[in-house]
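# Notes for the structure review
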Amino acid sequence: MQNIIFFFLLMTIFTQTSLAQSSFIQNKVIAHRGAWKAQGLPQNSIASLREAIRLGTEGSEFDVWMTADEVLVVNHDHELQGMDIETSTYEQLLTKTLSNGEKIPTLKAYLTEGKTQKSTKLILEFKPSQISVARSERVGELAVKTVQELGAQSWVEYITFSYEGGLKAIATDPKTKVAYLNGDKSPQQLKEAGFYGFDYHISLLRRMPQWIAEAKDLGLTTNSWTINLEEDMLWLLEQGIDFITTDEPEKLLSLIQSKK
Ligand code: MG
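Below you will find a few notes about this structure. (Residues numbered from 1 in each chain as written. Predicted model: local features only at pLDDT ≥ 70, side-chain atom pairs only at ≥ 80, totals over all residues. Heavy atoms only, no water.)

What follows is about the overall build of the chain. The helix and strand tally for the chain stands at 11 helices and 11 strands. Radius of gyration (C-alpha) of the chain: 19 Å, near the 18 Å computed for a compact globule of 260 residues. Dimensions of the chain along its principal axes, counting C-alpha atoms only, are 65 × 50 × 35 Å. Relative to its full complement of 260 residues, the chain shows a buried share of 49%. Contacts spanning at least 24 positions in sequence make up 56% of the contacts within the chain whose residues lie at least 6 apart. Just so you have it, the chain exposes about 12,300 Å², and 54% of that area is on carbon and sulfur atoms. (Helix = DSSP H or I, 4+ residues; strand = E, 2+ residues; numbered from the N terminus. Rg over C-alpha atoms; globule rule 2.2 N^0.38 Å. Buried < 20%, exposed > 50% of the residue type's maximum accessible area, 1.4 Å probe, protein only. Contact = heavy atoms within 4.5 Å. Areas by Shrake-Rupley, 256 points an atom, 1.4 Å probe, with all protein chains shown as cover.)

Rendered as structure tokens:
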């Protein structure tokens, strides 16, 4: 009898775990800096994240920098309207306003917004520091700790150009899923270093298409950027890519829908 109860308990846990993992949409579409272009929203704004969620993309990507006083903020460039992020305090950045009236989002605010739903994953790119490798590592570490603090682990996957920062993020929590952007490591090298996958520029994958199959054989994920042309989208889909990062999520969503 005890064995039967134990069996059902295990089955319940297994089913709940599977449900939790499968609640995210699986359509390969990653909105690059959120979904901003079609609606004229600021890139990396909370509004662009909400639009990606509304469209139903599998993931919404955003970029993270660390201020001088170690606040993680979401912005693409190293500067915000002429103010250098790494050498400014968060309070100084608050003197600037995005075109839709938002202030620069903190990582905490971005994660909190993303956690209000369970269909679109959050693709967190932490940027290499322009000051030091040590700061790149600190951003990787702090991003992982912030995600842990907010309990957002199941929403978040990471990407980075910083190999050292990626290693630091993985060391901070070995379950962290980090895909590497810089293109200078083979799938085998990434696997050995503990990375989750690659997110490489299409020009590299056109030269090295075998890396997609090699990565899959090693159990790594594959992603490519920034894909706005239909011919590139179709080529990557033919190669069996896992994800495609695009400024045109509406176009890619309808292309993938039309192929079903
Ligand atoms: Mg990015």
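Moving on, we come to the pattern of salt bridges. Opposite charge on two side chains permits them to pair, given that their charged atoms come into close proximity. One pass over the structure, following the stated rule, counts 15 salt bridges. Lys127 serves as the salt-bridge partner of Asp63, at 3.6 Å between the closest nitrogen and oxygen. In this pair, Asp63 is assigned in strand β2 (residues 59-66) and Lys127 in the loop between β6 (121-126) and α5 (133-149), connecting sequence segments 64 residues apart. Comparing Asp63 with Lys127 shows no difference in burial state: the two are buried. Notably, a salt bridge pairs Glu125 with Lys127, separated by 3.2 Å at the nearest N-O pair. Lys127 shares its class with Glu125; the two are buried. Taken together, the shared-partner salt bridges connect Glu70, Arg138, Glu141 and Lys145 into one network. (Salt bridge = Lys/Arg side-chain N within 4 Å of Asp/Glu carboxyl O.)

The end-to-end C-alpha distance of α5 is 24 Å, a good match for the 24 Å that 17 residues give at a rise of 1.5 Å each. Among the residues of α5, Arg135, Ser136, Val139, Gly140, Glu141, Leu142, Ala143, Val144, Thr146 and Val147 are the ones counted as buried. Next to the buried residues of α5 lie β2, β3 (72-74), α4 (107-114), β6, β7 (156-160) and α6 (163-172). Directly beyond the C-terminal end of α5, a positive phi value near 65° is found at Gly151. (Expected span 1.5 Å × (residues − 1).)

What follows is about the coordination of the magnesium ion. Looking at the magnesium ion, one finds its protein donor set to be Glu61 (OE), Asp63 (OD) and Glu125 (OE), positioned 2.0 to 2.1 Å from the metal centre. Counting the intervening residues between successive donors of the magnesium ion yields the motif E-x1-D-x61-E. With a gap of 64 residues between them, Glu61 in strand β2 and Glu125 in strand β6 connect regions that are remote in the sequence. For the pair formed by Glu61 and Glu125, the shared burial category is buried. (Donors = N, O, S within 2.8 Å, 3.2 Å for Na, K, Ca; no water.)

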